[in-house]
Amino acid sequence: MKKLLLLTSGGDCPGLNGVIRAVVKAAEHDGNWQVYGSRRAYCGVLEKPNDIIHLTSEVVAGIHVRGGTILETVNKGNPTAFPAEIAGEQVFIDRSDELISTIKQLGFDAVINIGGDGSHRVSQHLFEHGLNIVGVPKTIDNDLYGTDYTIGFQTAVDTATEAIDRLIPTAQSHNRVIVTEVMGRDAGWICLHSAIAAGAEVALIPEIPYDIEAIKAKLTSRFDKGHGFANIVISEGAKPIAGGIVSKQSNERGYENPVLGGIAEQLASQIRVALDLDVRVTVLGHIQRGGTPNAFDRVLAAEFGVQAFELVKQGQFGFIPVSKDGEIKPISLKEATSEYRVIPLEHSLITSARAMGMCLGE
Ligand code: F6P
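Residues numbered from 1 in each chain as written. Predicted model: local features only at pLDDT ≥ 70, side-chain atom pairs only at ≥ 80, totals over all residues. Heavy atoms only, no water.

Asks: Explain the packing of aromatic side chains here, please?
Replies: Aromatic rings considered in pairs are described by the distance between their centres and by the relative angle of their planes. Applying the stated criterion to the full structure yields four aromatic pairs. Taking the centre distance of 6.1 Å and the plane angle of 85° together, the rings of Trp33 and Phe309 count as edge-to-face. One end of the pair, Trp33, is in strand β2 (residues 33-38); the other, Phe309, is in helix α10 (residues 295-314), and 276 residues separate them in sequence. Judged by its relative accessible area of 8%, Trp33 falls in the buried class. Given a relative accessible area of 2%, Phe309 falls into the buried group. With a centroid separation of 5.1 Å and an interplanar angle of 75°, the aromatic rings of Tyr149 and Phe296 are classed as edge-to-face. A residue pair is termed long-range when its members are at least 10 positions apart, and Tyr149 in the loop between β7 (133-137) and α6 (153-174) and Phe296 in helix α10 qualify at 147 residues. Its relative accessible area of 28% is what places Tyr149 among the partly exposed residues. Through successive ring pairs, a cluster of aromatic residues spans Tyr149, Phe153 and Phe296. Residue placement shows Lys3 over the ring face of Tyr36; its charged tip is 5.1 Å from the ring centre. A cation sits over an aromatic face here: Arg253 above Phe92, 4.9 Å from the ring centre. (Phe/Tyr/Trp six-rings, centres within 6.5 Å; stacked < 30°, edge-to-face > 60°. Helix = DSSP H or I, 4+ residues; strand = E, 2+ residues; numbered from the N terminus. Buried < 20%, exposed > 50% of the residue type's maximum accessible area, 1.4 Å probe, protein only. Lys NZ or Arg CZ within 6 Å of the ring centre and 35° of its normal.)

Asks: What exactly am I supposed to notice about the pairing of β2 here?
Replies: Taken residue by residue, a regular strand's side chains alternate between the two faces of the sheet. Most of β2 is tucked away, with five of its six residues classed as buried. Across five bridges, strand β1 (residues 2-8) lies against β2 in parallel orientation. Residue Lys3 lies in a different strand from β2, and its bridge partner there is Gln34. Here β2 pairs with strand β3 (residues 52-55) via four bridges, running antiparallel. Within the sheet, the bridge partner assigned to Gly37 lies in β3 and is Ile53. (Pairing = 2+ DSSP bridges.)

Pasting the structure below:
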């Protein structure tokens with residue numbers, strides 16, 4: 001029997017458990033592979049004693065409907081810059097060679113890493129250093145290059161849309177402007193999808209730095225027409241033309257990204273001062289990452305899991321299955337990490353939003 005190691009890395013999202021289940025079921029159906037899971041990304045391999053569990057169809061039964069990941073995850077365990085303490089000093093060390101040799105010593109023939117952009121950059125590095133690795137695309141931000149959809153995105157859009165739908169009647173009742181901050185670090189996919197789905201008047205995305213004057217004009221004309229409320233959706237990574245993103249440094253060692261959040265409150269203050277309107281802010285935050293995966297994400301998780309296992313079986317390492325034009329096909333990890341997948345300015349989502357009179361802050 002061959003041995004396959006599976007892990008989830010980076011931020012969690014709905015659908016991860018569906019991939020785990022699909023890989024285990026496909027491997028058992030194949031009959032030549034045993035599947036194991038490293039807990040908390042690569043920490044399960046690097047810790048002593050290691051924390052690796054045997055994944056059987058009994059262990060994964062029914063998990064595809066649950067959010068989160070039964071393997072747990074971390075986004076501060078990059079093996080190429082792993083946080084450590086040496087002689088009382090906090091340092092980062094490259095443990096990738098140690099990781100690869102431990103995986104091989106433990107008898108694993110291949111690894112599947114379910115991750116986002118940062119995780120797959122690490123996978124590409126490990127692949128170049130001799131690890132037999134395959135990726136699976138996940139992130140609610142939907143910003144992995146080469147795939148139309150990542151696991152978790154469609155569920156996050158549903159969650160954001162439902163939240164905005166709930167906010168509209170309260171905004172209407174109080175004649176308020178409601179500003180909803182959604183996730184989306186570099187790309188506005190969640191923002192624009194949920195804004196269109198919920199019928200927002202304004203959608204502000206990282207791809208289009210916004211002009212406060214355009215937003216003021218939109219709100220003024222809306223309230224002048226006698227409409228008593230307005231609905232603004234803004235990505236956490238959106239920024240004004242003259243200004244930057246709103247963020248703070250994380251205090252977690254090894255956490256490489258700035259922690260985003262607060263742009264909605266900044267915008268709300270500007271609107272209050274400029275237009276004397278009642279404005280309320282809702283930051284959806286990690287609510288978008290939790291909950292039951294929707295049917296789309298469950299199906300995508302199953303297809304990605306099965307295809308990732310096929311790549312392993314065929315020895316096609318350094319690859320990742322993606323969803324492109326309705327088909328699942330492999331591309332190289334190198335291509336998938338070559339750039340971010342932001343919304344192209346000529347994309348139909350943008351032109352459709354504009355055509356319906358939605359203000360994109362321009
Ligand atoms: O990358 C996915 C994401 O959900 C981003 O949208 C968000 O900025 C980030 O992760 C939050 O990460 P954390 O869970 O570490 O706060």
